[in-house]
Each structure stands twice: as structure tokens, then as C-alpha cells.
Amino acid sequence: MEYYHKLIKEVGDLEIDTSTPSKSRKTLMELKRKKRILRRLKKKLMKDIMNIEVDYLIKRIAIRREIEDYEANPSLLKRLTGKDSHTLRLKALKKIEKDRETRIKPYNEIREEINKLLNEIDDIIMEHVSPGSRVKERFNPQNLDRGGQSPQTIPSIVNGVLMG
């Protein structure tokens, strides 16, 4: 988990400098690079989630087989637990499902944060660049309401990931 938090923090640290056309292009290239990193990170994250799901399914199959073995010899089952197979199965399945949810929850939260960062980067790119053309005129800081050359930064979605 710490690996994901570290990478998200690194990707989220970016200043958007539009003081000159060359700095604007450099900033856009950096945004696109970070977007690729986030996509790869999301792909790895989804693979980890899938591994947890597969592990859950394997455990679920094992429980079903074990209960079927007990059902083949019902006297042994009742002597061991005093419960029927249906009750045992439900209890075991609830336990592994709760474990699965506990393990997946942090991954889903990170995935949501990655999606937020990707959307933020897309918004910034779309705001400042039109498809197939040069940098828009309004990407120049003299045309922005702020004026001057103070760089803009990506909103701190990253802080939500690190504190959450």
C-alpha cells in the first residue's frame, strides 16, 4: 500500500508554469507523462484487486468442497459441531467475504484517488490545449485572471490519499 501512496504523491507534485510558450509545452508534456504513470499504476492496482478476488474464489470453492465432504458423512458433522452443513457454509462464507472486503477497501480508495488525479490532469490539459492545435492563447498567464507569472498547482487530492 505504501508503494501506491508514494507514487501518487510523486505524480501529484507538479507545478503548472505557463509563463512562456516553451514552459507551457514542457508542462503539458509533463502532465501527459504523469498521466501515463497513473494509468500504469491503476493497471497494477487492478491486478492486485483481481488477485484478491481470485484468492477469495479459491477459498470459497475449498469451503464448498469441505462442506460436501462433511455432508457425505453427516454423523461425523453433527458430532464435530452440532450444526448442519448449511449453517457451517454460511458462517464460513461470511467470514471470508468480510476478509475480502477488508483487503479490497484500501485498493478501491486508492483507485478512486487515481481516477480523481487522472480527471484533474485531463481537465487541465483540456482547459489549456485544443486537440490538434498549438497551445491555446488563453494558456498564456497574461490572459488569465490571476495575471503575473505565479505558477498554478494541481489541487491537493494527493493529501486526501496520504491522510486517508
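A. Up close: the pattern of salt bridges. All chains considered together, the criterion is met by nine salt bridges. The salt bridge involving Lys59 is made with Asp55; its shortest N-O contact spans 3.6 Å. Of this pair, Lys59 and Asp55 both sit in helix H2 (residues 21-72), four residues apart, which is roughly one turn of the helix. Close ionic contact of Lys116 with Glu113 constitutes a salt bridge, the shortest N to O distance being 3.5 Å. Linking Lys116 with Glu113, this pair stays in helix H4 (residues 85-128), spanning three residues, or about one helical turn. Through salt bridges that share partners, Asp55, Lys59, Asp99 and Arg103 make up one connected network.

B. Helix H1 (residues 2-12), seen in detail. Within the sequence span of H1, burial applies to Tyr4, His5, Leu7, Ile8, Val11 and Gly12. One side of H1 carries all its buried residues, which in axial view fall inside an arc of 165 degrees. In H1, those exposed residues whose orientation departs by more than 90 degrees from the buried face are Glu2 and Lys6.

C. Representation of the nonpolar core in the model. Grouped together as the largest cluster of nonpolar side chains are 22 residues, with contacts concentrated most on Leu31, Leu38 and Ile114. Within the residue set of this core, elements represented by two or more residues are H1, H2 and H4. The element best represented in this core is H4, accounting for nine residues. Setting aside its immediate chain neighbours within four residues, Leu38 contacts Val11, Ile114, Leu117, Leu118 and Ile121. Within the second largest apolar cluster, six residues are counted, among which are Ile63, Ile67, Leu93 and Ile96.

D. Region of the structure containing the confidence of the model for the chain. Residue-level pLDDT values for the chain average 76, and 68% of them are 70 or greater. Contacts for the low-pLDDT stretch residues 133-164, under 50 throughout, to residues beyond four places or in other chains number 56 contacts.

E. Seen up close, the side chain of Lys35. If you trace the backbone, Lys35 turns up in helix H2. Excluding residues that lie within four positions of it along the chain, Lys35 makes contacts with Leu118, Ile121 and Asp122.

F. Representation of the packing of aromatic side chains in the model. Going through the model one piece at a time under the given rule, you end up with two aromatic pairs. Pairing Tyr4 with Tyr107 gives two aromatic rings, centres 6.2 Å apart and planes at 80 degrees, and the pair type is edge-to-face. Taken together, the positions of Tyr4 in helix H1 and Tyr107 in helix H4 put the pair 103 residues apart, joining distant regions of the chain. As far as burial versus exposure is concerned, Tyr4 and Tyr107 are alike and both buried. Here the aromatic residues Tyr3, Tyr4 and Tyr107 are joined through ring pairs into a cluster of three or more. It is Arg100 that lies over the ring of Tyr56; its NZ or CZ is 4.8 Å from the centre.

G. View of the side chain of Asp48. Its location among the elements puts Asp48 in helix H2. In this structure, Asp48 is buried with no salt-bridge partner, the nearest side chain bearing the opposite charge being Lys44 at 4.2 Å. Within the structure, the side chain of Asp48 is placed 2.3 Å from the side chain of Tyr4, a separation counted as a polar contact. Those residues within four positions of Asp48 in sequence are excluded, and the remaining contacts are Tyr4 and Tyr107.

Cut-offs used in this document
Residues numbered from 1 in each chain as written. Predicted model: local features only at pLDDT ≥ 70, side-chain atom pairs only at ≥ 80, totals over all residues. Heavy atoms only, no water. Salt bridge = Lys/Arg side-chain N within 4 Å of Asp/Glu carboxyl O. Helix = DSSP H or I, 4+ residues; strand = E, 2+ residues; numbered from the N terminus. Buried < 20%, exposed > 50% of the residue type's maximum accessible area, 1.4 Å probe, protein only. Arc of directions from axis to C-beta. Core = buried A, V, L, I, M, F, W, Y, C linked by side-chain atoms within 4.5 Å. Contact = heavy atoms within 4.5 Å. pLDDT = per-residue confidence, 0-100. Phe/Tyr/Trp six-rings, centres within 6.5 Å; stacked < 30°, edge-to-face > 60°. Lys NZ or Arg CZ within 6 Å of the ring centre and 35° of its normal. Lys, Arg positive; Asp, Glu negative; His and termini not counted. Polar contact = N/O pair within 3.5 Å; in protein donor to acceptor, adjacent residues only side chain to side chain.

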